[in-house]
Amino acid sequence: MKHLKTATKTQPQPRHSQTTGGKTMKEPKMPEMERSGLEKTFGFLKSLISEDDYEKVSFAYTIGLYGHREQKRDNGEPYFNHCIRTAMILIKELHIHDPELIIAALLHDTLEDSYLLTGKWIRRIFGKKVAKLVKKVTKPKKNDPRFENDRARHYFYFQTVKNSGESVRLLKLCDRLQNMREIKNCAPAKQARKIQETREIYLPMIGHFWGRTPNNRFGVDAEVIVAFFRDEFNKALSPYSE
């Protein structure tokens, strides 16, 4: 993989290298254009998280940007913009600065839409929590033999998200909210499906925070999170009210 290089034992290991089987995975040197984009978008995080965590976020940004480099959104813009905006909902709108949640937001579509990483590599590079978050918000593949049809596959996925921990539900709600804010760019059939899913699955999921998530679990009161998602989803859905 282009962004994952190995080093011999005699070379000094960087602070964030990962060692496996006698070989070392080094964090790649970020091209200047990518670095400037990262600094412009996430530079403010330096005052909110540790230097070590900021470098991990930087690495996730590089991987996500490269992994989605050929993909476009329905409106033609780079796909990775969606991942950045999902992370920004956490950071700027909910004021949640958990580095592992931010990293998972940047990588949340990597397994589903990119061949760059596997779940095992995400775990080796970013740890168990990030790997679990990304895996839980990744839909099963369309050809998964466990499911007779797409309906069964989607039902399994929604139940997995619903019954997972609060971090998984939070990440998925940010992902869906970002998509709903841009629903007008989708084809009519896709719009109708996403709107129905949001009303029937994701709006009820918001209530899972109230009374279940310990207050200040994410540094923000649970009721604040609930109120935010209810207000923002209602805004996104209002143009499509029946």
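Residues numbered from 1 in each chain as written. Predicted model: local features only at pLDDT ≥ 70, side-chain atom pairs only at ≥ 80, totals over all residues. Heavy atoms only, no water.

1. A short note on the packing of aromatic side chains
Counted according to the given criterion, the structure contains eight aromatic pairs. When the centroid spacing of 5.9 Å and the interplanar angle of 50° are considered together, the rings of F59 and F126 count as tilted. You can see F59 sitting in helix 2 (residues 51-67) and its partner F126 sitting in helix 6 (residues 119-126), a full 67 residues away along the chain. Residues F59 and F126 agree in their burial class; the two are buried. Measuring from ring centre to ring centre gives 5.3 Å for F228 and F229, while their planes differ by 65°; the resulting arrangement is edge-to-face. Of the two residues, F228 and F229, both sit in the buried class. Ring-pair connections join several aromatic residues into one group, and the members of that group are F42, Y61 and F80. Seen from the ring of Y66, R69 lies directly overhead, with NZ or CZ sitting 3.9 Å from the centre. Across the ring face of W121, the terminal group of R124 is positioned such that the distance to the ring centre comes to 4.8 Å. (Phe/Tyr/Trp six-rings, centres within 6.5 Å; stacked < 30°, edge-to-face > 60°. Helix = DSSP H or I, 4+ residues; strand = E, 2+ residues; numbered from the N terminus. Buried < 20%, exposed > 50% of the residue type's maximum accessible area, 1.4 Å probe, protein only. Lys NZ or Arg CZ within 6 Å of the ring centre and 35° of its normal.)

2. Considering the environment of D98
Inspection of the secondary structure assignment puts D98 in the loop between helix 3 (80-93) and helix 4 (99-107). Considering only alpha carbons, one finds D98 and F218, 120 residues apart in sequence, at a separation of 7.4 Å. A polar atom in the side chain of D98 sits 3.2 Å from the side chain of K129. (Polar contact = N/O pair within 3.5 Å; in protein donor to acceptor, adjacent residues only side chain to side chain.)

3. Topic: helix 11 (residues 222-237)
Its 16 residues place the ends of helix 11 23 Å apart at the C-alpha level, agreeing with the 22 Å of an ideal helix rising 1.5 Å per residue. Considered for burial, the residues of helix 11 that qualify are A222, I225, V226, F228, F229, E232, F233, A236 and L237. Viewed along the axis of helix 11, the buried residues span an arc of 165°, placing them on a single side of the element. Where helix 11 is buried, its residues meet helix 3, helix 9 (166-181) and helix 10 (188-206). (Expected span 1.5 Å × (residues − 1). Arc of directions from axis to C-beta. Contact = heavy atoms within 4.5 Å.)

4. Examining the pattern of salt bridges
This structure, assessed with the given rule, holds 16 salt bridges. Close ionic contact of R176 with E197 constitutes a salt bridge, the shortest N to O distance being 2.8 Å. With R176 in helix 9 and E197 in helix 10, the pair connects residues that are 21 residues apart, well separated along the chain. Of the two residues examined, R176 and E197, each falls in the buried class. Judged by relative accessible area, E197 falls into the buried class, the value being 10%. What you see here is one network of salt bridges that share partners, running through R73, E77, R85 and E182. (Salt bridge = Lys/Arg side-chain N within 4 Å of Asp/Glu carboxyl O.)

5. Considering unusual backbone geometry
The backbone of H95 sits at a positive phi, close to 60°, despite the residue not being glycine. When you line up the elements, H95 lands in the loop between helix 3 and helix 4.

6. Notes on the layout of surface pockets
Empty space within the largest pocket amounts to approximately 1100 Å³. Along the wall of the largest pocket there are 37 residues; nearest its centre are D109, E112, D113, T138 and K139. Those elements giving two or more residues to the lining of the largest pocket turn out to be helix 5 (110-113), helix 7 (128-136), helix 8 (150-162), helix 9 and helix 10. The leading source of residues in the lining of the largest pocket is helix 8, at six residues. Partitioned by chemical class, the residues of the lining of the largest pocket number seven nonpolar, seven polar and 23 charged. Looking at the second largest pocket, it is lined by 14 residues, and the ones nearest its centre are Y155, F158, E197, E200 and I201. Classifying every residue of the lining of the second largest pocket gives five nonpolar, four polar and five charged. (1 Å grid on protein atoms, 1.4 Å probe; cavity = no way out; pocket = protein on both sides within 12 Å on 5 of 7 lines; lining within 4 Å. Points joined across faces, edges and corners; volume = space filled by probe spheres on them. Nonpolar A, V, L, I, M, F, W, Y, C, P; charged D, E, K, R; others polar.)

7. Notes on the packing of helix 10 against helix 11
Running from N to C, helix 10 and helix 11 cross one another at 165°; their axes reach a closest spacing of 10 Å. By the criterion of interaxial angle, the relationship of helix 10 to helix 11 is roughly antiparallel. The handedness of the crossing between helix 10 and helix 11 is left-handed. On helix 11, the residues that touch I195, T198, R199, L203 and I206 of helix 10 are V226, F229, R230, F233 and L237. Of the residues contributing to the contact of helix 10 with helix 11, the split by class is seven nonpolar, one polar and two charged. (Axes fitted to C-alpha atoms, helices over the stretch in contact; angles between N-to-C directions. Parallel < 35°, antiparallel > 145°, perpendicular 65-115°, else oblique. Left-handed = near helix turned anticlockwise from the far one by under 90°.)

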